[in-house]
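Remarks on the overall topology
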Amino acid sequence: MEPADRIIVALDGMGVERALAMVDTIPDLRWVKVGLELFSAVGPAVVAQLRQRGLRVFLDLKFHDIPATMAGACRSAAALGAELMTVHACAGSAGLQQALAGAAAGAEQAGLSEPPQLLAVTVLTSWDEARLQQQLLLGLPLPVYVRHLAALAADAGIGGCVCSPQELPALRACYPEPFALVTPGIRPAAAAVDDQARVMTPSEAVQAGASRLVIGRPITTAVEPAAAFARCCAELGSL
Ligand code: C5P
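The text that follows walks through the structure, step by step, so that each part is easy to find. Given the structure is predicted, the values throughout are model-derived calculations rather than measurements.

Parameters at a glance
- Residues numbered from 1 in each chain as written.
- Predicted model: local features only at pLDDT ≥ 70, side-chain atom pairs only at ≥ 80, totals over all residues.
- Heavy atoms only, no water.
- Near = heavy atom within 4 Å.
- Polar contact = N/O pair within 3.5 Å; in protein donor to acceptor, adjacent residues only side chain to side chain.
- Areas by Shrake-Rupley, 256 points an atom, 1.4 Å probe, with all protein chains shown as cover.
- 1 Å grid on protein atoms, 1.4 Å probe; cavity = no way out; pocket = protein on both sides within 12 Å on 5 of 7 lines; lining within 4 Å.
- Sits in = over half its atoms within 2 Å of the grid points.
- Disulfide = S-S within 2.5 Å.
- Points joined across faces, edges and corners; volume = space filled by probe spheres on them.
- Helix = DSSP H or I, 4+ residues; strand = E, 2+ residues; numbered from the N terminus.
- Salt bridge = Lys/Arg side-chain N within 4 Å of Asp/Glu carboxyl O.
- Buried < 20%, exposed > 50% of the residue type's maximum accessible area, 1.4 Å probe, protein only.
- Pairing = 2+ DSSP bridges.
- Right-handed = clockwise from strand over helix to strand, strands pointing away.

Things to note about the site of the ligand
Around the ligand sit Ala10, Asp12, Lys33, Thr125, Pro184, Arg187, Gln196, Val214, Ile215, Gly216, Arg217 and Pro218, and that is every residue in its neighbourhood. In the model, an oxygen atom of the ligand is placed 2.8 Å from a nitrogen or oxygen of the Gly216 main chain. Measuring from an oxygen atom of the ligand, one finds a backbone N or O atom of Arg217 at 2.7 Å. For the ligand, whose free accessible area comes to 460 Å², the fraction covered by protein is 81%. Comparing atom positions with the cavity grids shows the ligand to sit within the largest pocket.

Pasting the structure below:
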């Protein structure tokens, strides 16, 4: 995979005008991530606007609901033409299977050649083991629970997970390519860590098994986003 295909720029913390203006300054950009913030502010049209620019879209809406609603939401979202979409693994087998069926139906109804790839979110990195125990009464060690949820998703037919850089080696050992491991929490060596607690550089993450990297602020808040993007590509290109 070429370096530019591995980097998904997260369009957080900005309105649609700034997001579109920013992506227009990065000529080699191939992938962008639309999350709940931008999607809730401006709606599905942003996906079409990005696709019109030739960009591939990761629609990160993290669906988690009853199976019928998972199916309907994925049907509608798949028709937008996003190529990656997220669902929560803890929706369970039936919900995940319905999500896959809905995504396939939505893509077909929209005349798209392929359905989007669904990625399962295991445990959000904002949780830690102590709070999982206190608030959700979940007594398992976090890595064990993450691996359990990844297995639940994989068994349901989901083709990949979103995971933290720290989870990459264990998940990649269980799930070889082409199972997708998409990871945020990426910081080029010289970049600010922001609010990310545990980070890896782009090359460390790919070497640890990441298929694609989600990178937001190190690129979007850079004085020259195109140069920051190019530096990430160059780092991956030298692997
Ligand atoms: O700006 P930054 O590179 O930290 O952005 C990372 C992106 O990945 C954001 O869209 C954030 O919501 C998302 N994300 C994350 N950690 C997770 C899951 C998603 O940072 N565990």
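So, the state of the cysteines
In this structure the tally under the stated criterion is zero disulfides. You can see Cys233 has no disulfide; the closest cysteine sulfur is in Cys232, sitting 7.0 Å from it.

A short note on the layout of surface pockets
By volume, the largest pocket amounts to about 880 Å³. In terms of lining, the largest pocket is formed by 35 residues, of which the most central are Lys33, Lys62, Thr125, Pro184 and Gln196. Elements with a minimum of two residues in the lining of the largest pocket: β2 (31-35), α3 (36-42), β3 (56-63), β8 (212-215) and α11 (217-220). It is β3 that contributes the most residues to the lining of the largest pocket, three residues altogether.

A look at the pattern of salt bridges
With the rule as written, the count across this model stands at eleven salt bridges. Among the ionic pairs, Asp24 bridges to Arg53, the shortest N-O distance being 2.9 Å. One end of the pair, Asp24, is in helix α2 (residues 16-24); the other, Arg53, is in the loop between α4 (45-52) and β3, with 29 residues separating them in the sequence. The exposure class assigned to Asp24 is partly exposed, which follows from its relative accessible area of 46%. A salt bridge links Arg187 to Asp194; its shortest N-O distance comes to 3.1 Å. Under the relative-accessibility criterion, Asp194 is labelled partly exposed at 42%. Residues joined in a network through salt bridges with shared partners are Arg187, Asp194, Asp195 and Arg217.

A word on the pairing of β3
Here β2 pairs with β3 via five bridges, running parallel. Counterpart to Trp31 in the pairing with β3 is Arg56. Here β3 pairs with strand β4 (residues 84-88) via three bridges, running parallel. The residue bridging Phe58 from the neighbouring strand is Leu84, located in β4. Since β3 and β4 lie parallel, the crossover through helix α5 (residues 67-78) that links them has a hand, and here it is right-handed.

These results come straight from atomic positions and should not be treated as a statement about function.
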